[in-house]
Amino acid sequence: ENADPQRTAFLLRKQWTLYSVTPLYRFSNAHLRDYARLLSSFIAAEKQKGLAVEVGVELDIKVSVSSLPYLKGSDQDQAAILVQLSSRSPASPKNSEEKLIWSGWFCCVSGDDLSKNVPEDFTCLPLFLVNGAECYTSIVGSWFQKTFDCSFRRLAISPLILSWMAAMWTGCKVDKTASAMELVFSVPCLPQPLDISYAIHPEDAKALWDTVQKTPGEIIQEEVDVFMDCLYSHFHRHFRIHLSATKLVKVSTAIASAHCDGIIKFLQSQYLTGVLMLLTELAISQIE
Amino acid sequence: MQRRQSFKTQKQPLQVHHKNQTDLSAWRKGGRIDPEKNVQNNQSPNNQKNDSKQGSLEQALSYFEKVQDRVSLKKNSVLQKHLTTVESIALQSGLPPEAFDVLLNVALSGKLADTVNTRLLKSLLPASVIPETSVVSSVSWLCVSKCSGNIQLLFLRWLIAVFDFIDHKEQLHALYGFFFSFLQDEKMCPYVCHLLYLLTRKETVKPFRIRRLLDLQAKMGMQSYLQALLSLYKLYCPELVTITLPGKMKTYFKNSEGPWKAGINTVRRRNQENSPVFQPLFLGTAQPQSRKRKWNTQLIIPVSSTNTNNLEEDEKKNRVLYSMSESFRVEQLQTFSQLLQNIHHLEFPSQMGSVLTNPLLLHYMNCIKDESIYLRLYYWMGQTLQEECTWCAVDNNQDEEEFKDFLETVYKTECFLQEGFSSCEEFLYKSLPLWDGFCCRSQILRLVSWIPLSSFSEIKSHLYDPLAQFFFTSSLYFKCSILECLKELLQNWLNWHVIHLDSESDSQVHSLNTTHSELLNVVAELIHFVGSISTLALRLENNPTFLLYFILDFYETACDMYLRYNLPLLIMPPAGVFYPALLSMDSVSLNQLCYIMYRYRTNLVAAKENELSKKETVQFRFSNQTYQEYNQYITAMVGCLWTSSVFQKDIHPQGLRMDDELLKKTAVQEFKNSFNIVYHPAMMGYAVLFLQQAWPDDTTFNFSLIKGKKWNWYLEYLYAHGLKGLKVFIESSINRVSQASHSKAGNVQV
């Protein structure tokens, strides 16, 4: 719950695309450097594939694989693994600093449901988050699939889960003056896509949620439904539009923002592990 | 054709081999496209269709071989016909190697109009390979410039598109100089560059060619295709090409595969589909690559060993890293004897998904009962099934054909291993409620038949409920498919049970008891489910014989579970199945029912004997209800077929018992015996034929003549006509005290 803000700062305010990953077979934390080396030669080989000859100088890509031991929920969780690809400009090879071009991390926050059920040979890191070009995701992902016999799948977030996120994050305390809570709805069955954005002042939303939630620290489905219904009827009173007939596609609050396509942005380091716990749960339910 | 070729041969110092040019009739007799592909499984209608297709292609080819002057397409229907034939066959299955010589010759000779030539060139899709000789001879046509520039251009693009299909390339390499000379043509230059790029070898890089290319570059500017060729030259001979070339380009050559790419893919896919069912399993490691765009799902994974191999230089480190000793690489595994020799140091491939198409590894998997192997396969398969499922996945990128193939592969693997995958079971439970009952139907039903037998209690809501919905709302044919698949399911469960009983009989007899009774319940639930849907279906469809056949087929397995599968469980068919079969209009159903009742009797008698002799298995005693039901049915059957007393003696609540008063109202004379083996609607046909043979002169059809000795002859007559079920039934269940009195139904009760 209390990861060091300094050490997790680089994970904030970036868009992460979510994947679920089945347990990695024969993965070992002791060999991260070797993995980096193997992966980097794999990337070099992949980039040349399909070319009879390589012409010109290829961008030099450096791979680092490291452990983020502070990113976990329980003692049973595996330490998160961070993979970073950075490039060195070929023009000035030695002195120039490396530019981060792609990063991805595997993590498991309170994923006991999964990890206690698999044999020792397997490492459970069911959630994979990616920021960077798809072509690198594909290469890195393929390498992991080939090396640790695991499968990746995009992790979508259903409207139901999004409404949970909206309710949960509304109730969270944030120190500084928070930005507005925004819900985006998409209207189905139209020739042209139509999105409705619904912004609420965070204090209003919090006040509403406080009247709905019965026991602090505990949320049940009915409360989430009531909360959303209140927001819907308020909207209906003003615009005569039934939001319940549309699809909730995006939720942004001061804590984080989440899109139904499986894209997330963390905004508060103090709530990072909390959000990751929920996402881990989603990833596990997609695997099992 | 022969003359023309020799003429060209004189003109140009080319060696044209003729050995590849077999005549067309030989091609027709022999393996059509790929001899491996039609060894089996080609049903005869298919063959006929192929034969007629080949016939028309043969005609078309001989037409194009002989065609002389410029024939106008619009006015000549013969040309139109043959052209369409070539096009449609090419698109369907590709053209055989022999066709290329003829078609290329006519297309490049300039005899026909350019529209025809274009269509011909566009339809040149190879079914297997393209003979090099036909390519060489067409290059010679190019040199004599008989055809227009556009056709030349199209030919070059075709050559690039199908380059990999040309069977040899030695002579093509010898023509490097010719192709090089075409560079001067500005229009052709990009394509010629591409072709040269494909053909270039180290020894073909010559200073004069580099100079020529540099001249061209000076003339035409920095063209990507020229740079591609130059950079290739530079790679081979860096000392000769001293200029600096700009950095990496995204594409050197414009998409020159043009109109052929899609066609080639379709043909390849279709030819794969037509291959025999088990072929992919036995092809070993050479598998076609999936043409997926998505990186995270690959349906067919090539076998490769754990990826330590590409790091030979760091072997020492690797040994520590992966603790690998002298292991035998899976890529090398090609034969069964290799498997036996190396079984002690064989490692599974890096991705377990690749075992699906590799029978040797499946054998190995069968020997090694390691949990992690199954878990790896479980995860991979579960994710792939869900990701690729055309009706479950969120994004609609899925390819139904490919998914179908995948399901087929999974099914074949299950057959091979003789066990179902739990990932597959879960997938079915998740996807059946969303299924439209149409997409991949036969594959889905086959997978259902491999759902493992377990004491899973939710099978009703997960499997039977959705299946029942499809069953009642679908065609007769689909109903029969579902019954067939449930029969397979029952058989697979029973086989599994027998195997496990064998393997566990030594060790843990005691632990069996609890789970065993649970498993019995699961099997019983299946049989009851089939009983209830069968009853309803017979009412819905009005008792068609076809449906009845599938229902009774199921009961042929169900009636024999005790003796054949050692499962202490027998469940009688419901009255809604029994009576329609007994009163069926068709002798096949009646005969089937007789056989089933005979097997029930044999099983029940054996069970009773075992109960009396062995006291310890008393917990698996059949319920009295089973015996009761059997006795009721057998009374009805004997009363119907033999003693003509069914209307009095049938005591089943849904049975045929009827008052004499009521029966008299039907105004049927002799109603009593109207269902015995002479008068039964299913049997009357036999009775008529029997009468005709026994009393050829009598035309009154006096059925009452069949009695006494004639009755026995009639029985023999029926047995001789294949009613074996009736035979075993009568011989076992009817105690014929004396030959003369056929009205005694003896000791049928058990």
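Residues numbered from 1 in each chain as written. Chains lettered and ligands numbered in written order. Predicted model: local features only at pLDDT ≥ 70, side-chain atom pairs only at ≥ 80, totals over all residues. Heavy atoms only, no water.

### Quick look at the overall build of chain B
Secondary structure summary: chain B contains 35 helices and zero strands in total. Taken across its 750 residues, chain B has 51% of its residues classed as buried. Considering only contacts in chain B between residues 6 or more positions apart, those separated by 24 or more positions represent 72%. (Helix = DSSP H or I, 4+ residues; strand = E, 2+ residues; numbered from the N terminus. Buried < 20%, exposed > 50% of the residue type's maximum accessible area, 1.4 Å probe, protein only. Contact = heavy atoms within 4.5 Å.)

### A short note on the packing of aromatic side chains
Enumeration over the complete set of coordinates arrives at 48 aromatic pairs over all chains. Measuring from centroid to centroid gives 6.0 Å for B:W391 and B:F403, while their planes differ by 75 degrees, and the two rings are edge-to-face. Of this pair, B:W391 sits in the loop between helix 19 (371-388) and helix 20 (400-417) while B:F403 sits in helix 20, and the two are 12 residues apart along the sequence. For the residue pair B:W391 and B:F403, the accessibility class agrees, reading buried in each case. Every member of this aromatic cluster is reached through a ring pair, and the members are A:Y19, A:F27, A:Y35, A:W102, A:F106, A:F128, A:W143, A:F144, A:F148 and A:F152. Here A:R154 stacks its cationic end above the ring of A:Y19, 5.7 Å away from the centre of that ring. B:R441 extends its terminal NZ or CZ atom over the ring of B:F478, reaching a point 3.8 Å from the ring centre. (Phe/Tyr/Trp six-rings, centres within 6.5 Å; stacked < 30°, edge-to-face > 60°. Lys NZ or Arg CZ within 6 Å of the ring centre and 35° of its normal.)

### Points about the nonpolar core
Residue and element names in this part refer to chain B. Core analysis: the biggest nonpolar cluster contains 145 residues, and L463, M597, Y600 and Y714 have the highest contact counts within it. Considering every element that reaches this core, the biggest residue donor is helix 25 (residues 509-541), with 12 residues. Not counting residues up to four positions away in its chain, the partners in contact with M597 are M572, F578, Y630, Y633, I634, M637 and F729. By size, the runner-up hydrophobic cluster in this structure holds 82 residues, among which are L120, F155, C193 and Y197. (Core = buried A, V, L, I, M, F, W, Y, C linked by side-chain atoms within 4.5 Å.)

### Points about the domain arrangement of chain B
Interfaces are often sized by the amount of accessible area the parts lose when they come together. According to the domain assignment, chain B contains domain 1 (51-236) and domain 2 (683-746). Spacing between the C-alpha centres of domain 1 of chain B and domain 2 of chain B amounts to 77 Å. (Domains from an automatic or database assignment.)

### Some words on helix 8 (residues 272-287) of chain A
Because an α-helix packs 3.6 residues into every turn, residues spaced three or four apart end up facing the same way. Residues and elements named next belong to chain A. Its 16 residues place the ends of helix 8 22 Å apart at the C-alpha level, agreeing with the 22 Å of an ideal helix rising 1.5 Å per residue. In terms of burial, helix 8 is a largely internal element, 12 of the 16 residues being buried. Those residues of helix 8 lying buried are L272, T273, V275, L276, L278, L279, T280, L282, A283, I284, Q286 and I287. (Expected span 1.5 Å × (residues − 1).)

### A look at the packing of helix 20 of chain B against helix 22 (residues 441-448) of chain B
Each pair of packed helices can be described by the angle between their axes along with the distance between the axes. All names here are of chain B. Taken N-terminus to C-terminus, the directions of helix 20 and helix 22 make an angle of 25 degrees; their axes are 9 Å apart at the nearest point. In terms of orientation, helix 20 lies roughly parallel with respect to helix 22. The two elements helix 20 and helix 22 cross, and the hand of that crossing is left-handed. For the pair formed by helix 20 and helix 22, the contact residues are K404, L407, E408, V410, Y411 and E414 on the first element and Q443, I444, R446 and L447 on the second. (Axes fitted to C-alpha atoms, helices over the stretch in contact; angles between N-to-C directions. Parallel < 35°, antiparallel > 145°, perpendicular 65-115°, else oblique. Left-handed = near helix turned anticlockwise from the far one by under 90°.)

### Digging into the pairing of strand 12 (residues 256-259) of chain A
All names here are of chain A. Where strand 11 (residues 247-252) and strand 12 come together, three bridges link them in antiparallel fashion. Looking at strand 12, one finds that V251 is bridged to A258. Hairpin connection between strand 11 and strand 12: a loop of three residues separates the two successive antiparallel strands. (Pairing = 2+ DSSP bridges.)

### Description of the domain arrangement of chain A
Per the domain assignment, the segments of chain A are domain 1 (5-154) and domain 2 (159-260). Of note, the centres of domain 1 of chain A and domain 2 of chain A, computed from C-alpha atoms alone, are 33 Å apart.

### Description of helix 5 (residues 97-108) of chain B
All names here are of chain B. For helix 5, spanning 12 residues, the distance from its first C-alpha to its last is 18 Å, which sits close to the expected 16 Å at 1.5 Å a residue. Most of helix 5 sits inside the fold, with 12 of its 12 residues counted as buried. Two residues or fewer past helix 5, G110 is found with a positive phi of approximately 75 degrees.

### Notes on the confidence of the model for chain B
Interpretation of this model should avoid reading the predicted coordinates in detail wherever pLDDT is low. All names here are of chain B. On average, residues of chain B score 80 in pLDDT, and 80% of them are at 70 or above. Of all helices and strands in chain B, the one with the weakest mean pLDDT is helix 15 (residues 279-282) (35), whereas helix 26 (residues 545-558) scores best (97). Scored below 50 in pLDDT, residues 1-46 makes 61 contacts in the model with residues more than four places away or belonging to other chains. Two numbers describe this predicted complex: its pTM, 0.70, and its ipTM, 0.90. (pLDDT = per-residue confidence, 0-100.)

### Observations concerning unusual backbone geometry
The phi angle of most residues is negative, glycine excepted, and most peptide bonds adopt the trans form. Even without a glycine there, the phi angle at A:S110 is positive, about 55 degrees. Within the secondary structure, A:S110 is located in the loop between strand 5 (99-107) and helix 3 (112-115). Positive phi outside glycine occurs at B:Q418, with the angle close to 55 degrees. We classify B:Q418 as partly exposed; its relative accessible area is 45%.

### Some thoughts on the environment of B:S733
Residues and elements named next belong to chain B. Relative to the elements of secondary structure, S733 occurs in helix 35 (residues 724-733). Along the backbone, S733 and T602 are 131 residues apart, and their C-alpha atoms lie at a distance of 9.9 Å. There is a polar contact of 3.3 Å between the side chain of S733 and the side chain of S732. (Polar contact = N/O pair within 3.5 Å; in protein donor to acceptor, adjacent residues only side chain to side chain.)

### Remarks on the packing of helix 29 (residues 587-613) of chain B against helix 30 (residues 624-641) of chain B
Residue and element names in this part refer to chain B. Taken N-terminus to C-terminus, the directions of helix 29 and helix 30 make an angle of 140 degrees; their axes are 11 Å apart at the nearest point. By the angle between their axes, helix 29 is oblique relative to helix 30. As for how helix 29 packs across helix 30, the hand of that crossing is left-handed. Side by side, helix 29 and helix 30 meet where L590, L593, C594, M597, Y600, R601, L604, A607, K608 and E611 of the first sit next to T626, Y627, Y630, Y633, I634, M637 and L641 of the second. For the contact of helix 29 with helix 30, the class distribution of residues is 13 nonpolar, one polar and three charged. (Nonpolar A, V, L, I, M, F, W, Y, C, P; charged D, E, K, R; others polar.)

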